[in-house]
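Each chain is listed here by its residues.
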Amino acid sequence: MRRSIFFRLLGVTVLVALCSIAATAWLATQITRASLQQEQGRELAVDNDIYKVLLGHAVDHSDWSEAKDIVEDLVERHPDRRIALLTKDRTPIVDLGGDGSPLPSTASAEVDALDVDPVLLPDAPADRIDKRVLGPFRTPIGVREREDQSGVLKCLRVNRAADAATRQKCIDVRVPADSVADFYALLALEDLVNPCLARRGLPPVLLDPDYTPARYQKIPDEPAVAECVRSSRRQQLAPYVAPAALMFVTSPAGAATTSFDLSSGNSWRVAGVAAAVLLVAIVVTAAVCARLIRPLRALTGAAHLMADGDAAPPLTVRGRDEIAQLTKAFNTMVENRERMEQVRKAMVSDIAHELRTPLSNIRGWLEAAEDGLSERDPRADRVAAQGSPRPATCRRRPAGPRRSRRRQAATEPFAGRGVRDIRPTGRSARRPGPRRTGSR
């Protein structure tokens, strides 16, 4: 198989086709993915803008009663968008910019100030609570001290169960009123965190103004404490923000605008198309190779016939390519060979015909010399002795009508040598003998 030109051509062609298709499919996939990602990025940029505006409304309002004005403004800025807000149980809050067609089953995002989407808001904090949500606190967490150095928080914590007058004594006039309000809010947060820890079998903790446990405490399970702090903060801040809502951003007809994705199904479709193209390439290549190899096989068979001594039939010449020229040259060679064979046979036939009569005459004279009817030249005897495996004899033998085969065999070496040295004598010339006709 490795020596067959058919399989070699087929293998090379399939390899080239496979590499070409694989490279083309990979390049097309990469270009398509890049284009889709670029287009999706533009679509997501619009969705991000809409999401941030609605998230800002959720941070500043405790409900969605005034969301219609915000959505109307967004639809005016993006006229090719349909914006809808639904509650968690899919009760419509506002739906503008569309024709009322059904919405997709999956929302574009969930607007929740206490659980922001890190994809749409890359700078979201680790606990995913919007930094703008303060609730009972008055200062943002970014401007608070890591620890309370005034002792007010510690005093308030000790006198947590005391009356208001006692707690008022803990307040230092040098501490800002906003910080004092933050201390009260932090104590309220501790009252929510510690029951959560108790349900998990953990001891209570004391929190610093940045919502982390105090450094001097030994924390047995930091992830559990962090989870209780996160859930307690959401519980504390929930009354101050709008409830979570499902955001749908689609085309006016309700189709999703950010559904561009080269999924695994699409990748398999690309692979299937590439396999189909490869299969077609293999079939076409096999057909072309078979048509290309057919005249070569015919030439090989004809050459084998000639090698065995048989006559090769003329081959059909198709086309004008190199194989057609080779076939034409082979046919010419076969014709020349047959012509030369005919000439050879004719020449051999002519030579045999021309030599038949002189050899008959020579044989007659030799037999006559053997019978003593004519004289023999000693030089002819020497020639006969050199040309025959056994020396010629000059003994006279009785003449008779019958000649032995031994005599006939002894005269064979004289067929081509020393004929011109035999001369008949006068006596033998008068006796009946063979007719001299062009013996020389």
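A brief report on the enclosed structure follows. (Residues numbered from 1 in each chain as written. Predicted model: local features only at pLDDT ≥ 70, side-chain atom pairs only at ≥ 80, totals over all residues. Heavy atoms only, no water.)

Bringing helix H6 (residues 222-237) into the picture now. For H6, built from 16 residues, the straight-helix expectation of 22 Å at 1.5 Å per residue is met to within 8% by its first-to-last C-alpha distance of 22 Å. What H6 keeps buried is the set Ala224, Val225, Cys228, Val229, Ser232, Arg233, Gln236 and Leu237. Close packing links the buried residues of H6 with helix H5 (177-199). (Helix = DSSP H or I, 4+ residues; strand = E, 2+ residues; numbered from the N terminus. Expected span 1.5 Å × (residues − 1). Buried < 20%, exposed > 50% of the residue type's maximum accessible area, 1.4 Å probe, protein only. Contact = heavy atoms within 4.5 Å.)

This next bit is on a positive patch on the surface. On the surface, a cluster of positive charge is made up of Arg291, Arg294, Arg297 and Arg318. Take Arg318: it is sitting in the loop between helix H7 (264-307) and helix H8 (322-370). (Patch = residues over 30% accessible without salt bridge, like charges linked within 9 Å, V, L, I, M, F, W, Y side chains within 5 Å. Areas by Shrake-Rupley, 256 points an atom, 1.4 Å probe, with all protein chains shown as cover. Salt bridge = Lys/Arg side-chain N within 4 Å of Asp/Glu carboxyl O. Lys, Arg positive; Asp, Glu negative; His and termini not counted. Charge placed at Lys NZ, Arg CZ, Asp CG, Glu CD.)

Negative charge collects at one region of the surface, where Asp63, Glu66, Asp69, Glu72 and Glu76 lie side by side. Here Asp69 is to be found in helix H2 (residues 67-77). The exposure class of Asp69 is exposed, given its relative accessible area of 54%.

Spatial ordering of the open sheet is given by E2-E1-E4-E3, a layout of four strands whose pairing is antiparallel. Only two strands of the sheet have a single neighbouring strand rather than two, namely strand E2 (92-96) and strand E3 (109-111). This sheet shows a mean twist of 20° between the axes of neighbouring strands, independent of strand direction. The pairing of E3 with strand E4 (residues 245-250) spans three bridges and is classified as antiparallel. Considered in E4, the bridge of Ala109 is made with Met247. Sheet contacts for H2: strand E1 (82-86) and E2; angle to E2, the most-contacted strand, approximately 25°. (Pairing = 2+ DSSP bridges. Axes fitted to C-alpha atoms, helices over the stretch in contact; angles between N-to-C directions.)

Our focus in this paragraph is the environment of Ala113. For Ala113, the position within the fold is in the loop between E3 and helix H3 (152-158). Each C-alpha atom of the pair Ala113 and Arg132 lies 8.7 Å from the other, and the pair is 19 residues apart in sequence. Leave out the neighbours within four places in its chain, and Ala113 touches Leu55, Ala58, Val59, Arg128, Ile129, Asp130, Val133 and Val241.

Among the secondary structure elements, Asp182 is positioned in helix H5. There is a polar contact of 2.3 Å between the side chain of Asp182 and the side chain of Thr139. Setting aside residues no more than four positions away along its own chain, Asp182 makes contact with Phe137, Arg138, Thr139 and Arg144. (Polar contact = N/O pair within 3.5 Å; in protein donor to acceptor, adjacent residues only side chain to side chain.)

This part covers the nonpolar core. Grouped together as the largest cluster of nonpolar side chains are 31 residues, with contacts concentrated most on Ile50, Tyr51, Leu54, Trp64, Leu85, Val111 and Met247. Among the secondary structure elements, those contributing two or more residues to this core are helix H1 (5-60), H2, E1, E3 and E4. No other element matches the seven residues that H1 contributes to this core. In contact with Leu54, not counting residues within four places along its chain, are Trp64, Ile70, Val71, Leu74, Leu85, Val111 and Met247. Listed in part, the 23 residues of the second largest apolar core include Val180, Ala185, Val193 and Leu197. (Core = buried A, V, L, I, M, F, W, Y, C linked by side-chain atoms within 4.5 Å.)

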